[in-house]
Structure formats: structure tokens, C-alpha cells
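Here are the chains, one letter per residue:
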Amino acid sequence: MLILECPYCGVMADETDLHGGGEAHLKRFGPGSSDDEFETYLFHRKNPKGVHFERWRHVSGCGKWFHAARNTMTLEVYATYSAQTTEPPQDVIDAVKAKHPDWEGYK
Amino acid sequence: MSNAVSALQGASFDGYCKVEEAGLTGMITLRGDLASKGVAKAVKAATGAAMPGQGEVTEGAKGRVGWMSPDELLLIVDHAEAAAIVEAAAKSLGDEHSLVVNVSDARAVYRVKGAACREVIAKLTPADTSVMQPGMLRRTRIAQIPAAFYLEDDETAVLVCFRSVAQYAFDLLKDAAKPGGEVW
Ligand SMILES: [Zn+2]
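Residues numbered from 1 in each chain as written. Chains lettered and ligands numbered in written order. Predicted model: local features only at pLDDT ≥ 70, side-chain atom pairs only at ≥ 80, totals over all residues. Heavy atoms only, no water.

If you check an unreviewed UniProt entry, chain B appears there as Sarcosine oxidase subunit gamma from Aliiroseovarius halocynthiae.

The name that an unreviewed UniProt entry assigns to chain A is Sarcosine oxidase subunit delta, with the source organism given as Aliiroseovarius halocynthiae.

K.L.:
It is not clear to me how the pattern of salt bridges should be interpreted in this structure. Could you clarify?
P.N.:
A pair can form between side chains of opposite charge whenever their charged atoms are brought close. Residues and elements named next belong to chain B. One pass over the structure, following the stated rule, counts 15 salt bridges over all chains. The shortest N-O distance in the salt bridge between D71 and R31 comes to 2.9 Å. Taken as a pair, D71 in the loop between β5 (64-69) and β6 (72-77) and R31 in strand β3 (residues 26-31) lie far apart in primary sequence, 40 residues in all. Its relative accessible area of 24% is what places D71 among the partly exposed residues. In this structure, E72 engages R139 in a salt bridge whose closest nitrogen and oxygen atoms are separated by 3.8 Å. Of the two residues, E72 sits in strand β6 while R139 sits in strand β9 (residues 137-142), which places them 67 residues apart along the sequence. (Salt bridge = Lys/Arg side-chain N within 4 Å of Asp/Glu carboxyl O. Helix = DSSP H or I, 4+ residues; strand = E, 2+ residues; numbered from the N terminus. Buried < 20%, exposed > 50% of the residue type's maximum accessible area, 1.4 Å probe, protein only.)

K.L.:
Just checking my understanding: could you explain the packing of aromatic side chains for this structure?
P.N.:
Within a pair of aromatic rings, the relevant descriptors are the distance that separates the centres and the angle that separates the planes. Residue and element names in this part refer to chain A. Counted under the stated rule, the structure contains three aromatic pairs over all chains. Ring plane angle 40° and centroid distance 6.0 Å describe the contact between F53 and W103, whose orientation is recorded as tilted. Of this pair, F53 sits in strand β4 (residues 51-57) while W103 sits in the segment after α2 (90-99), and the two are 50 residues apart along the sequence. Their ring planes at 80° and their centres at 5.3 Å tell us that F53 and Y106 sit as a pair that is edge-to-face. Of this pair, F53 sits in strand β4 while Y106 is found in the segment after α2, placing the two residues 53 residues apart along the sequence. (Phe/Tyr/Trp six-rings, centres within 6.5 Å; stacked < 30°, edge-to-face > 60°.)

Structure follows, in C-alpha cells:
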């Protein structure tokens, strides 16, 4: 069972209190973009075995979207953080690196 | 004004905890900047209560105020007063970016009374009810529906859900409180 701390409520919310929103920090390609960019934006998603950044919504709690950095293999959660950012904050990166010094990094 | 009735009109069930529908309860949703003086002032005037912090519910002479999200409060007041309180709060907030709505008749409220009130709710929700103390409020779900609950005292839990699922919530609570279903 995946349990994430909602950064807005400060409560430990079980997976069934949450709604998954897929890969985090996508850059939108809309009108004016190339077909390749648009296709990538719409369909191509990372599916790593290991460190991953995701969007989650505290759906039966505060209703807010937030981010989570977790490990898809071990289910370890490194951090949850605000939705108001376009990339993982440094302290989240540091938390991952502390556990995985050889991690190739975000992106 | 039509004759206001609560969802289950005070229905109750005697299990190893007593479950009862709370009857007419005034409920107001207030959204805005919870750090603003204007909101604190409107809340104080409406309920007499201080602003709740994250995950808290506070009590004043005229009602309670629950923290629902970083920009949302639930005011629990006298049902008959709710409309006037909404009007006064909206006026007091003036041009401040905010929203005040009377949701009294869109909700159902239950009390679960007994030493095992936390246990009865724990059967239905993923939330850790053992950490709940009077003054704390948790928004979560019970079985398939969203619900919020807090403790009035150590043996009285108050649970709020949408009125459209009032019967479902009551049936869940009754089942969880059934004699013979004690866990501890
Ligand atoms: Zn939350």
C-alpha cells in the first residue's frame, strides 16, 4: 500500500484517499508545435524502474494536486512537494541522491 | 420558507456505539486566503471561534470552524442562522477574493457515541483514527464516499458527508457499530 504525505494537509494519506495523475513536470506542446512534439507530449511517458516523479491529487481530502518523488520498484517515497513548481526542488533531488548516489538525475 | 428537514430526520441506531443523524445543522463553506485578517474577522463574527490551523477544528460561542484545505473552511452553525451568517460574512469580506455559501441542506451529519467511536469509523476509512483527538478534523472517505470527521469529546465523533449519500453513510455506520462487531 502506497502512503503519501499530503504537503497541504500534512496527513499521511493512503493510496485510496488519492488519485494518481501520471508523470510529473511535463512541458505542454500545443498549437504551433510540431507533430513530433505534440505526439511526445500526448503519448510518450517515462516508465522507469526506480526513481520516478509523479502527480497525485488528495482527492478525498483537500482536493489539491501535489507532487511525489518515489521509487517504482521499492515503493520508497523520497518526498512529496507542492504542485507550484515546474521541476523537482533541490531538497527533493538531494533526498533522492542521498539514497542513490549513482542516480543519473532528473530528466 | 419551506419546512426544512434533515436527510434522515434524526434516525438513530443502538449498536456498541450509538449512531444518530444529527438533525438540522447549519453548514457554510468559506473559501479565501486563510491568512487574511478579513477572513479571520468574518469567521470570528460568524462563530466566535479563532481561525483553525492545518487539520484543526476550533469552537466558539456560536459554532465551530473546521480547516478543510489551505483555502477552505467549514463553518458549523445553527441551521436557522446560516443564511443570515452567510450574508453578514459576504458583506464583511466585501471585495476580498472569497466565497461564502450556505451548504446546510447539501450535507448530512452523524454522531457516533461511545468509547469505541474511533474504532467504528476506523472500519470504514483509511485514515488513522487512533491519532484523532478533540480539536482535530480529518477529511477522508468512508467506504466509497468522501467524508470528514472530528471528535466533540473523547467519546463522540461527528461525521459529515454529502446529503445525496446520507442513507449509504448511515447504513455503513450502523453496520460498523453492530453488536458483536467489536474489535478490541
Ligand atoms: Zn491534502
